[in-house]
Protein chains: 2
Amino acid sequence: MDQGSDKIKTVVTIYNQQYTVVGNERSEHVQEAATFINDKMKELKRSNPSLTGTQLAVLAALNISNDYIALKRANEKDED
Amino acid sequence: MDQGSDKIKTVVTIYNQQYTVVGNERSEHVQEAATFINDKMKELKRSNPSLTGTQLAVLAALNISNDYIALKRANEKDED
């Protein structure tokens, strides 16, 4: 799948900052992920206004990781 | 599963900062997610030393979101 070339470049805006993502992910998938994180950070900021940008991003990452690990674990169970 | 009480409190350290996570996730799962993010941030820092903490955390979140969305999409395909 990854041929090591023809990387896709996507520019996304998260929490008012631009990020250039270069990889094999299709642009619309990267945009979807960016929207997901941006929404999580804004939601966290609303309930915890004193958090810094780094703290918001880390907590958003933690939320998403928990979801990801739970889904992976559920998949592994299905395969038993 | 969520009874709205008996929330689990877990303290994790990510990128030299402590975070207290309160929720329904078991502590070892939260710790696993925290290690995952910490490793991603350190890995990103090695290849991009000029990035700030917020940028590292956002990019780590983006990486994890991409993996999560890809896994969800694969699951949905299986159900067709």
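Residues numbered from 1 in each chain as written. Chains lettered and ligands numbered in written order. Predicted model: local features only at pLDDT ≥ 70, side-chain atom pairs only at ≥ 80, totals over all residues. Heavy atoms only, no water.

J.: Could you clarify how one ought to interpret the relation of the copies chain B and chain A in this entry?
T.: These two copies of the chain differ by a rotation about an axis and a displacement along the same axis. Between chain B and chain A, which share one sequence, the superposing operator has a rotation angle of 180° and an axial displacement of 0.0 Å; the RMSD is 0.0 Å. Interpreted geometrically, this transformation is the action of a two-fold axis. Most of the interface of chain B is mirrored in chain A, where 100% of its interface residues again form contacts. (Least-squares fit on C-alpha atoms with pLDDT ≥ 70 in both. Contact = heavy atoms within 4.5 Å.)

J.: Would you take a moment to explain the interface of chain B and chain A for this structure?
T.: It is common to give the size of an interface as the accessible area that goes away when the parts come together. In this complex, chain B contributes 32 residues to the contact, which on the side of chain A involves 32 residues. In this assembly, chain B packs against chain A so that about 3,000 Å² is buried in total across both faces, 70% of it on carbon and sulfur atoms. Interface area lost by chain B to chain A is led by Tyr19, Leu62 and Tyr68 of chain B, which between them contribute 19%. Between chain B and chain A we count two salt bridges in total. Between glutamate 32 of chain A and arginine 73 of chain B there is a salt bridge whose closest N-O contact spans 2.9 Å. The interface formed by chain B and chain A holds six residue pairs in polar contact (both at pLDDT 80 or more) in total. Sorting the residues of the side of chain B that touches chain A by element identifies strand E1 (8-14), strand E2 (17-23), helix H1 (27-47) and helix H2 (53-79) of chain B as the ones contributing at least two each. Per element, the largest residue contribution to the side of chain B that touches chain A is 18 residues, and it comes from H2 of chain B. By residue class, the composition of the side of chain B that touches chain A is 19 nonpolar, eight polar and five charged. (Buried area = accessible area lost by both parts, 1.4 Å probe. Salt bridge = Lys/Arg side-chain N within 4 Å of Asp/Glu carboxyl O. Polar contact = N/O pair within 3.5 Å; in protein donor to acceptor, adjacent residues only side chain to side chain. Helix = DSSP H or I, 4+ residues; strand = E, 2+ residues; numbered from the N terminus. Nonpolar A, V, L, I, M, F, W, Y, C, P; charged D, E, K, R; others polar.)

The values reported here are purely geometric and, on their own, carry no functional implication.
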